[in-house]
Amino acid sequence: MLVSTKGRYALRVMVDLAENQGDGRIPLKEIAERQDVSEKYLENILSTLVRAQLLSGMRGKGGGYRLTRPAHEYAVGEVLRLTEGSLAPVSCLEGSRRGCERAGECPTVGMWSRLDSMIAEYLDSISIADLASAPRGVACLD
């Protein structure tokens, strides 16, 4: 599993909004400046998050973005599954392709399936609020 820049930036945006939610709607320009990401690239990511109702967006004067729920209600896994499509470590465990014609005789399918469960459990155990309150530069959350 390799998380793309889209997934990583989506998490950074969600954390940014959680940290600044007291400021009301946050303009795209401010988010882009804080995250050092182009507005055009962020616009694509934000539209995905708005369509999935993770964020609320409003154009024009006083517009911007905000979380639609409290930050502790967003799991990292939810955001990454939305932006990445799948978090499965191998293709035979992805979505509707789950399983393959060799699953009955495959000596590794159990290992991959367990790893898939561990990844999902770990990422679903961390909230955006956890990331927003974590010290910067820490390698992992305990």
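Data block above holds the structure.
Residues numbered from 1 in each chain as written. Predicted model: local features only at pLDDT ≥ 70, side-chain atom pairs only at ≥ 80, totals over all residues. Heavy atoms only, no water.

Draft legend 1. Local environment of the pairing of strand β1 (residues 55-58). Across 4 bridges, the pairing between β1 and strand β2 (residues 64-67) is antiparallel. Residue pairing across strands places Leu-55 opposite Leu-67, the latter belonging to β2. Between the antiparallel neighbours β1 and β2 lie 5 residues, among them Gly-60 with a positive phi of about 90°. (Pairing = 2+ DSSP bridges. Helix = DSSP H or I, 4+ residues; strand = E, 2+ residues; numbered from the N terminus.)

Draft legend 2. Expanded view of the layout of surface pockets. Size it by volume and the second largest pocket reaches roughly 240 Å³. Lining the second largest pocket we find Leu-28, Glu-43, Leu-46, Ser-47, Val-50, Gly-57, Met-58, Arg-59, Gly-60, Gly-63, Gly-64 and Tyr-65. Elements represented by at least two residues in the lining of the second largest pocket include exactly α3 (39-51), β1 and β2. The element contributing the most residues to the lining of the second largest pocket is α3, with 4 residues. In the lining of the second largest pocket, the residues fall into 5 nonpolar, 5 polar and 2 charged. (1 Å grid on protein atoms, 1.4 Å probe; cavity = no way out; pocket = protein on both sides within 12 Å on 5 of 7 lines; lining within 4 Å. Points joined across faces, edges and corners; volume = space filled by probe spheres on them. Nonpolar A, V, L, I, M, F, W, Y, C, P; charged D, E, K, R; others polar.)

Draft legend 3. Quick look at the side chain of Gln-35. Structurally, Gln-35 is set in helix α2 (residues 28-35). A residue is classified by how much of its surface remains accessible, and Gln-35, at 15% relative accessible area, is buried. The contacts of Gln-35, once residues within four sequence positions are left out, are Arg-12 and Asp-16. (Buried < 20%, exposed > 50% of the residue type's maximum accessible area, 1.4 Å probe, protein only. Contact = heavy atoms within 4.5 Å.)

Draft legend 4. Looking closely at the packing of helix α1 (residues 5-19) against α3. The interhelical angle for the contact between α1 and α3, taken along N-to-C directions, is 75°, at an axis separation of 10 Å. One finds that α1 runs roughly perpendicular with respect to α3. Touching Thr-5, Lys-6, Tyr-9, Ala-10, Val-13 and Met-14 of α1 are Tyr-41, Leu-42, Asn-44, Ile-45, Leu-46, Thr-48 and Leu-49, all from α3. For the contact of α1 with α3, the residue count by class is 9 nonpolar, 3 polar and 1 charged. (Axes fitted to C-alpha atoms, helices over the stretch in contact; angles between N-to-C directions. Parallel < 35°, antiparallel > 145°, perpendicular 65-115°, else oblique.)

Draft legend 5. The pattern of salt bridges, seen in detail. Inspection of the entire model under this criterion finds 5 salt bridges. Between Glu-30 and Arg-34 there is a salt bridge whose closest N-O contact spans 3.7 Å. Taken together, the residues Glu-30 and Arg-34, both in helix α2 and 4 residues apart, mark about one turn of the helix. What makes Glu-30 partly exposed here is its relative accessible area of 36%. The partner of Asp-124 in a salt bridge is Arg-81, with the nearest N and O atoms 2.5 Å apart. Placement of Asp-124 in helix α5 (residues 109-124) and of Arg-81 in helix α4 (residues 76-84) is noted, with a sequence separation of 43 residues between them. Salt bridges linked by common partners bring Asp-16, Glu-30 and Arg-34 together as one network. (Salt bridge = Lys/Arg side-chain N within 4 Å of Asp/Glu carboxyl O.)

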